[in-house]
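Spelled out from the first residue to the last, the chains are:
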Amino acid sequence: MKNTFKLGVTALVLTIAVACKKEKIEPTTPTTGTDVVTLKIEHTWQDSLEFALNTDLVNPLTGDSLNFTTFKYYISNIRLKKNDGTWWTQPNSYFLLDLANGTTPSVQLTGVPYGEYTDVEYVLGVDSTRNVSGAQDGALSPSLGMFWSWNSGYIMLKAEGLSPDASMGGSFAYHLGGFSGSNNVVTTKSHTFVGNSLSVTGNGNCQIHLSAAPQTLWQTAGSVSMNSMIHMPGSGAKTMADDFYGSFEFEHIHE
Amino acid sequence: MISTDHLNLSTSMNKLKTISKLLVVLAASSLVLSCRKAIVEPYKKWGFNSPDYFPAPVYNFENNKQDFKKFTLGRALFYDPLLSSDGTVSCASCHANSHAFAGHNTALSPGVNNLVGTRNSPSIVNLAWSPSFMWDGGINHIEVMPIAPLTNPVEMNESLANIILKLKASERYKKLFREAYGTEEVTDQRILKSLAQFMMMIVSNNSKYDQMKRGEVSFTATEQQGYSLFQQKCSQCHTEPLFTDYSFRNNGLDLTFSDQGRYLITQQSNDLGKFKVPTLRNVLMTYPYMHDGRFYTINQVLEHYNTGVKHTSTLDPLLDNGIPLTASEKTQIIAFLRTLNDDNILTDYWLSEPKE
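Residues numbered from 1 in each chain as written. Chains lettered and ligands numbered in written order. Predicted model: local features only at pLDDT ≥ 70, side-chain atom pairs only at ≥ 80, totals over all residues. Heavy atoms only, no water.

## A few points about the overall build of chain B
Here's step 1: Helix and strand counts for chain B stand at 13 helices and 2 strands.
Here's step 2: For chain B, the residues scored as buried account for 49% of the 356 residues in total.
Here's step 3: Considering only intrachain contacts with a sequence separation of at least 6, the fraction spanning at least 24 residues in chain B is 68%.
Here's step 4: Carbon and sulfur atoms provide 57% of the accessible area of chain B, an area that totals close to 17600 Å². (Helix = DSSP H or I, 4+ residues; strand = E, 2+ residues; numbered from the N terminus. Buried < 20%, exposed > 50% of the residue type's maximum accessible area, 1.4 Å probe, protein only. Contact = heavy atoms within 4.5 Å. Areas by Shrake-Rupley, 256 points an atom, 1.4 Å probe, with all protein chains shown as cover.)

Shown next, in the form of structure tokens:
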């Protein structure tokens, strides 16, 4: 009896193993399925140099000497547009990009259905709903230090560092956020792949490359000697966030 | 003779046996009854209770459904000084059930290292109906409210990340988290939602005023006169039945604002010196008064409205002429305010400090 049972189980396992193998090995081009698409954001300094933390940099816009110790921000609500005009929307799409882990952070879009994609859309910041709906988890956990305790809402971008030019004792700290009224910094960006389309076919190599330029934080705000600290929503936060978010550009796609 | 005696004796013995059996049964059943009283009865009472004359709660229970095990975890957390940096301050330190969940009748409440902030610790009853939190309304949801006192350097001075580490290391909390959420995993979301489960249950709805509203008791003549005066002179801001309209107003305390109040949140100049209208439930127990605890007695408060209102550009228009009150009117109003005392929440089993 036992032996028969064992045999049965072995046969079943074998069948499953064969079935699984079969699916992987056959080189047919499947028409349905999903794949991972990687969104990469390269951060550049002076348009050509790579941005880096804990490195002395000079802002070409203001002449300020800057050494960043922290640079992190939220990207959320990522969508891809198919060539038939429909959208694939990533569920629960919230990511905190921390440049301490590398200045070309990437986001994995899992479960993207096979197809031809022509556009990417995303939100810089955290949508207002998640700012007013109580305790969140994952990338939105308040324990990550990106939530204002006394004036509820996400710090959507945190840039801190040292600067001999700063008005505040040699350091700067910009905590930018705000989700309502004229203080709303949350920005939806979209880029078309300029005539190309991203073929998601299951090869696992699909990438979308974007770029952003941290020095643009000061594009309108001017030198750190004018104002080296922001820690609440308001016009100062809005100006700096708008300028930085405006620097996001589409670079290219890979397959 | 002997035999009769013997018979009598055996009859009496039998009677005694029956009586003692009965006594045992009686004792056992009374034991059962008393045990039932101690354990089962409070359990029966557990649950969120909104009287029909209260508005619908603001808190969305759909996203954090009432759950006894989550509540139990929240109750343990609320009373645990482990949540502070040096293990000396719990939520209950400044929101004591013995004081209607306000501070211990001090203007400012000490945090870690006896540090103090700038504002009076308010009573936190009936937060399920509150659309905003703190004197300046800067916090928009009860679940994220505890982050402020937990992390404030002059209150509990701890980081959420470190609280998570401390709770993970505790056998007591491993059990409580597992019972509440199925796994021992400690996350800030679990901590905050459990604290909300506990705070939602701090409901004050059984004062004499409530009993009067339900037709169970009547006011005395003085209380009734005080109630009428209250409705004429106070209830525009301290709206029944929660005794606040949750608006932000400048009630004329100062000519210049050392604490800018609501302005700190909105940066709008017309919010300078405005603070949230506090509930008056349990008001006679929760002295001292105002956002900074400057008035120690209710008489000082009434006298402020009578003669002390200071005029600035953001003064509430309702207070342009203050609130004129005679001595007897004050007495009557205080008699009415006494009907807002709710002794039940001071002694409520489920709101008290749990035994480990």
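## Overview of the overall build of chain A
Here's step 1: If you tally the helices and strands in chain A, you get 3 helices and 16 strands.
Here's step 2: Classification of the 255 residues of chain A by burial places 46% in the buried group.
Here's step 3: Considering only residue pairs separated by 6 or more positions, chain A has 73% of its internal contacts joining residues 24 or more positions apart.
Here's step 4: Total accessible area computed for chain A in this model is approximately 12100 Å², and 52% of it derives from carbon and sulfur atoms.

## Let's talk about the interface of chain B and chain A
Quoted interface sizes are often the accessible area lost when the parts come together.
Here's step 1: Contact with chain B, which involves 19 residues of that partner, is made by 17 residues of chain A.
Here's step 2: In this structure, the connection of chain B to chain A is made through 0 salt bridges.
Here's step 3: At the junction of chain B and chain A, the tally comes to 7 residue pairs in polar contact (both at pLDDT 80 or more).
Here's step 4: Listing elements by their share of the side of chain B that touches chain A, those giving two or more residues are α4 (147-151), α5 (160-168), α7 (188-200) and α10 (263-266) of chain B.
Here's step 5: For the side of chain B that touches chain A, the element with the most residues is α7(B), which contributes 4 residues.
Here's step 6: For the side of chain B that touches chain A, a count of residues per class yields 10 nonpolar, 6 polar and 3 charged. (Salt bridge = Lys/Arg side-chain N within 4 Å of Asp/Glu carboxyl O. Polar contact = N/O pair within 3.5 Å; in protein donor to acceptor, adjacent residues only side chain to side chain. Nonpolar A, V, L, I, M, F, W, Y, C, P; charged D, E, K, R; others polar.)

## Details of a negative patch on the surface
All names here are of chain A.
Here's step 1: A surface patch of like charges, here negative, comprises Glu42, Asp47, Glu50, Glu249 and Glu251.
Here's step 2: Secondary-structure assignment places Glu42 in strand β1 (residues 34-45).
Here's step 3: For Glu42, a relative accessible area of 37% corresponds to the partly exposed category. (Patch = residues over 30% accessible without salt bridge, like charges linked within 9 Å, V, L, I, M, F, W, Y side chains within 5 Å. Lys, Arg positive; Asp, Glu negative; His and termini not counted. Charge placed at Lys NZ, Arg CZ, Asp CG, Glu CD.)

## Some details on the confidence of the model for chain B
Note: predicted coordinates in regions of low pLDDT should not be interpreted at a detailed level.
All names here are of chain B.
Here's step 1: Per-residue confidence for chain B gives a mean pLDDT of 91, with 88% of residues at or over 70.
Here's step 2: Of the regions scoring below 50 in pLDDT, residues 1-11 engages in 0 contacts with residues more than four places distant in sequence or in other chains.
Here's step 3: For residues 30-41, every residue scores under 50 in pLDDT, and the model assigns this stretch 3 contacts once sequence neighbours within four places are set aside. (pLDDT = per-residue confidence, 0-100.)

## Some details on the environment of Ser204(B)
Residue and element names in this part refer to chain B.
Here's step 1: Locating Ser204 in the fold gives a position in the loop between α7 and α8 (208-213).
Here's step 2: According to the relative accessible area criterion, Ser204 is buried, its value standing at 0%.
Here's step 3: Measuring from C-alpha to C-alpha, the distance between Ser204 and Asn49 comes to 9.6 Å, with 155 residues separating the pair along the chain.
Here's step 4: Reaching out from Ser204, the side chain makes a polar contact with the side chain of Asp342 at a distance of 2.9 Å.

## Considering the pattern of salt bridges
Side chains bearing opposite charge may pair, as long as their charged atoms lie close to each other.
Here's step 1: According to the stated counting rule, one finds 19 salt bridges over all chains in the structure shown.
Here's step 2: A salt bridge links Arg79(A) to Glu121(A); the shortest N-O distance between them is 3.1 Å. In this pair, Arg79(A) sits in strand β4 (residues 65-82) while Glu121(A) sits in strand β8 (residues 115-124), placing the two residues 42 residues apart along the sequence.
Here's step 3: By relative accessible area, Glu121(A) is classed as buried at 17%.
Here's step 4: Overlapping salt bridges bring together Arg119(B), Asp136(B) and Asp259(B) as one network.

## Regarding helix α3 (residues 235-246) of chain A
Note that an α-helix has 3.6 residues per turn; residues three or four places apart therefore point the same way.
Here's step 1: When the terminal C-alpha atoms of α3(A) are compared, their 16 Å separation across 12 residues agrees well with the 16 Å that a helix rising 1.5 Å per residue should span.
Here's step 2: Burial in α3(A) covers these residues: Ala237(A), Met240(A), Ala241(A), Asp243(A), Phe244(A) and Tyr245(A). (Expected span 1.5 Å × (residues − 1).)

## A few points about the nonpolar core
Generally speaking, a soluble globular protein has its nonpolar side chains buried in company with each other.
Here's step 1: Counting 120 residues, the largest nonpolar core has Phe68(A), Phe71(A), Tyr73(A), Ile208(A) and Phe78(B) as the members making the most contacts within it.
Here's step 2: Ranked by residue count, the leading element in this core is β4(A), at 8 residues.
Here's step 3: Not counting residues within four places of it along the chain, the set of residues in contact with Tyr73(A) comprises Ile41(A), His43(A), Phe95(A), Leu96(A), Leu97(A), Leu99(A), Leu124(A), Met156(A), Leu157(A), Phe244(A) and Phe248(A).
Here's step 4: Ranked by size, the runner-up nonpolar core spans 29 residues in total, among them Phe243(B), Val301(B), Ile323(B) and Leu325(B). (Core = buried A, V, L, I, M, F, W, Y, C linked by side-chain atoms within 4.5 Å.)

## Some words on the pairing of β1(A)
Residues and elements named next belong to chain A.
Here's step 1: Here 6 bridges tie β1 to strand β7 (residues 106-113), and the two strands are oriented antiparallel to one another. Looking across to β7, one finds that Val37 is bridged to Leu109.
Here's step 2: By the bridge criterion, 7 bridges tie β1 to strand β14 (residues 206-212) in an arrangement that is parallel. Looking at the pairing, Leu39 lines up with Ile208 of β14.
Here's step 3: Where β1 lies against strand β2 (residues 49-50), 2 bridges are found, and the strand directions are antiparallel. Across the sheet, residue Trp45 finds its bridge partner in β2, namely Leu49.
Here's step 4: Following β1, the chain reverses through 3 residues before pairing antiparallel with β2; Gln46 in that reversal takes a positive phi of roughly 55 degrees. (Pairing = 2+ DSSP bridges.)

## Considerations on the packing of aromatic side chains
Each aromatic ring pair is summarised here by two numbers: the centre-to-centre distance and the angle between the ring planes.
Here's step 1: Throughout the structure, instances matching the rule amount to 46 aromatic pairs over all chains.
Here's step 2: Taken together through their ring pairs, the aromatic side chains of Trp45(A), Phe51(A), Phe68(A), Phe71(A), Tyr73(A), Tyr122(A), Phe172(A), Tyr174(A), Trp218(A), Phe244(A), Tyr245(A) and Phe248(A) make up a single cluster.
Here's step 3: The ring of Phe248(B) has Arg262(B) sitting right over it, with the charged end atom 4.2 Å from the ring centre. (Phe/Tyr/Trp six-rings, centres within 6.5 Å; stacked < 30°, edge-to-face > 60°. Lys NZ or Arg CZ within 6 Å of the ring centre and 35° of its normal.)

## Focus: the side chain of Arg249(B)
Residues and elements named next belong to chain B.
Here's step 1: Turning to its location among the elements, Arg249 is positioned in strand β1 (residues 248-249).
Here's step 2: For Arg249, a relative accessible area of 18% corresponds to the buried category.
Here's step 3: A distance of 2.8 Å separates the side chain of Arg249 from the side chain of Ser247, its partner in a polar contact.
Here's step 4: Ignoring anything within four residues of it in the chain, the contact list for Arg249 reads Gln236, Cys237, Gly273, Lys274, Phe275, Val277, Asp316 and Leu318.

## Some points on the packing of helix α2 (residues 68-78) of chain B against α7(B)
When two helices pack together, their arrangement is given by the angle between the helix axes and by the axis-to-axis distance.
Residue and element names in this part refer to chain B.
Here's step 1: Between α2 and α7, the shortest axis-to-axis distance is 7 Å and the interhelical angle comes to 90 degrees. The pairing of α2 with α7 is recorded here as roughly perpendicular in orientation. For the pair α2 and α7, contact is made by Lys70, Phe71, Leu73, Gly74, Arg75, Leu77 and Phe78 and by Ile191, Ser194, Leu195, Gln197, Phe198 and Met199, respectively. (Axes fitted to C-alpha atoms, helices over the stretch in contact; angles between N-to-C directions. Parallel < 35°, antiparallel > 145°, perpendicular 65-115°, else oblique.)

## Thoughts on the environment of Asn321(B)
Residues and elements named next belong to chain B.
Here's step 1: Structurally, Asn321 can be placed in the loop between α11 (298-308) and α12 (327-338).
Here's step 2: On the accessibility criterion, Asn321 (69% relative accessible area) is exposed.
Here's step 3: In sequence terms Asn321 and Tyr305 are 16 residues apart; their C-alpha atoms lie 9.0 Å from each other.

## A look at the side chain of Gln332(B)
Residues and elements named next belong to chain B.
Here's step 1: Relative to the assigned elements, Gln332 resides in helix α12.
Here's step 2: Among the residues examined, Gln332 registers a relative accessible area of 18% and is labelled buried.
Here's step 3: Setting aside chain neighbours within four positions, we find Gln332 in contact with Thr222, Gln225, Gly226 and Leu229.

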